[in-house]
Amino acid sequence: RDLPRHIAFICDGNSRWAERNSLPKSMGHAAGADRVMNLLKALQSQSRWQQQQKQQRQRQQQQKQQPDPDENNKDNNNNNNIDKGLVEQTKENRVSRIEYCTLFAFSTENWSRPTSEISTIMKLMEQMAVRYRDTAIREGNIQIKVLGDLDDERIPEGTRRELQKLENDTMLSCQKRINQ
């Protein structure tokens, strides 16, 4: 089935969710962060599954291209292999996995929130960067690109450092995988 190459999520409504559930806003943001982690894990699982399916199709295609020991059926089998090869090629041209995921996590309007809430959000972003970095590097095919102004002086140093480290380490991991 065809999937979009790029999907995007706006991380919004965590405070409202917390309020509806009689929880502090910080709990809403923490729940939102957990949802993001679950989303990223699901995308990785989907990507791994798609890769396994592709490898399996390639192995089947290679097996189909093996010469048939029965010379009498050789011409007929070759025609069938050509037809099947065209079907496989057409399938390969379709988008079978999501390649890009954009998360809108913190907008300029968020700076108008109470200082304590901003601190909570920034701390969560820092923790998420640390938690996700190992997974992304282990997978080796996930590159994180932070969009926005990481040089904004309002961003705490620890958050900035971890986001930059996540971005840099995943870029190097992807390059290393390509060069192997």
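Residues numbered from 1 in each chain as written. Predicted model: local features only at pLDDT ≥ 70, side-chain atom pairs only at ≥ 80, totals over all residues. Heavy atoms only, no water.

**Student:** Requested: an account of the overall build of the chain, with residues and values cited.
**Tutor:** A tally of regular secondary structure across the chain gives five helices and two strands. Counted from the first residue to the last, the chain has its helices and strands arranged as β-α-α-α-β-α-α. Here the chain holds 180 residues, and the buried ones make up 32% of them. Relative to all contacts within the chain whose residues are 6 or more apart in sequence, the contacts with residues 24 or more apart total 73%. (Helix = DSSP H or I, 4+ residues; strand = E, 2+ residues; numbered from the N terminus. Buried < 20%, exposed > 50% of the residue type's maximum accessible area, 1.4 Å probe, protein only. Contact = heavy atoms within 4.5 Å.)

**Student:** I'd like a rundown of the pattern of salt bridges, residues and numbers included.
**Tutor:** According to the stated counting rule, one finds 11 salt bridges in the structure shown. Three or more residues joined by partner-sharing salt bridges are found here, namely R133, E162, K165 and D169. (Salt bridge = Lys/Arg side-chain N within 4 Å of Asp/Glu carboxyl O.)

**Student:** An account of the confidence of the model for the chain is needed here, citing residue identities and associated values.
**Tutor:** Low pLDDT means the predicted coordinates in that region are not meant to be read closely. Summarising the model, the chain shows a mean pLDDT of 78, and 74% of its residues fall at 70 or more. Across the chain, helix α1 (residues 14-20) holds the top mean pLDDT of 94, while helix α3 (residues 74-93) sits lowest at 45. Predicted confidence for residues 76-91 stays below pLDDT 50, and this span has nine contacts to residues more than four positions away or in other chains. (pLDDT = per-residue confidence, 0-100.)

**Student:** Provide a residue-level description of unusual backbone geometry, including the pertinent values.
**Tutor:** Look at S22: it is not a glycine, yet its phi comes out positive at around 55 degrees. If you trace the backbone, S22 turns up in the loop between α1 and α2 (25-64). A relative accessible area of 67% means that S22 is categorised as exposed.

**Student:** Report on a nonpolar patch on the surface, specifying residues and quantitative values.
**Tutor:** On the surface, W17, L23 and M27 cluster together to form a nonpolar patch covering roughly 260 Å² of accessible area. Mapped onto the elements of the fold, L23 is located in the loop between α1 and α2. (Patch = residues over 30% accessible without salt bridge, like charges linked within 9 Å, V, L, I, M, F, W, Y side chains within 5 Å. Areas by Shrake-Rupley, 256 points an atom, 1.4 Å probe, with all protein chains shown as cover.)

**Student:** Mind laying out the packing of aromatic side chains, listing which residues take part and the relevant values?
**Tutor:** Taken as a whole, this structure holds one aromatic pair when the rule is applied. Relative to W111, the ring of F106 has its centre 4.9 Å away and its plane inclined at 75 degrees; by these criteria the two rings are edge-to-face. (Phe/Tyr/Trp six-rings, centres within 6.5 Å; stacked < 30°, edge-to-face > 60°.)

**Student:** Quick one: what's the story with the side chain of E126, residue by residue and with numbers?
**Tutor:** With respect to the helices and strands, E126 occurs in helix α4 (residues 115-139). Of the residues examined, E126 reaches a relative accessible area of 14% and is grouped as buried. For E126, the contacting residues outside a window of four places in its chain are G158, T159 and E162.

**Student:** Tell me about the environment of S15, and name the residues and values.
**Tutor:** Tracing the chain through its elements places S15 in helix α1. Residues S15 and K25, spaced 10 residues apart in sequence, show a C-alpha to C-alpha distance of 4.9 Å. What S15 contacts, discounting residues up to four positions off in sequence, is K25, H29, R113 and E117. At 2.9 Å, the side chain of S15 forms a polar contact with the side chain of E117. (Polar contact = N/O pair within 3.5 Å; in protein donor to acceptor, adjacent residues only side chain to side chain.)

**Student:** So what's going on with the environment of L163? Residues and values would help.
**Tutor:** The residue L163 is located in helix α5 (residues 157-179) in this model. Residue classification places L163 among the buried residues on the basis of a relative accessible area of 10%. It is 8.3 Å that separates the C-alpha atoms of L163 and L150, two residues lying 13 residues apart in sequence. When neighbours within four sequence positions are excluded, L163 is seen to be in contact with M125, A129, V146 and L150.

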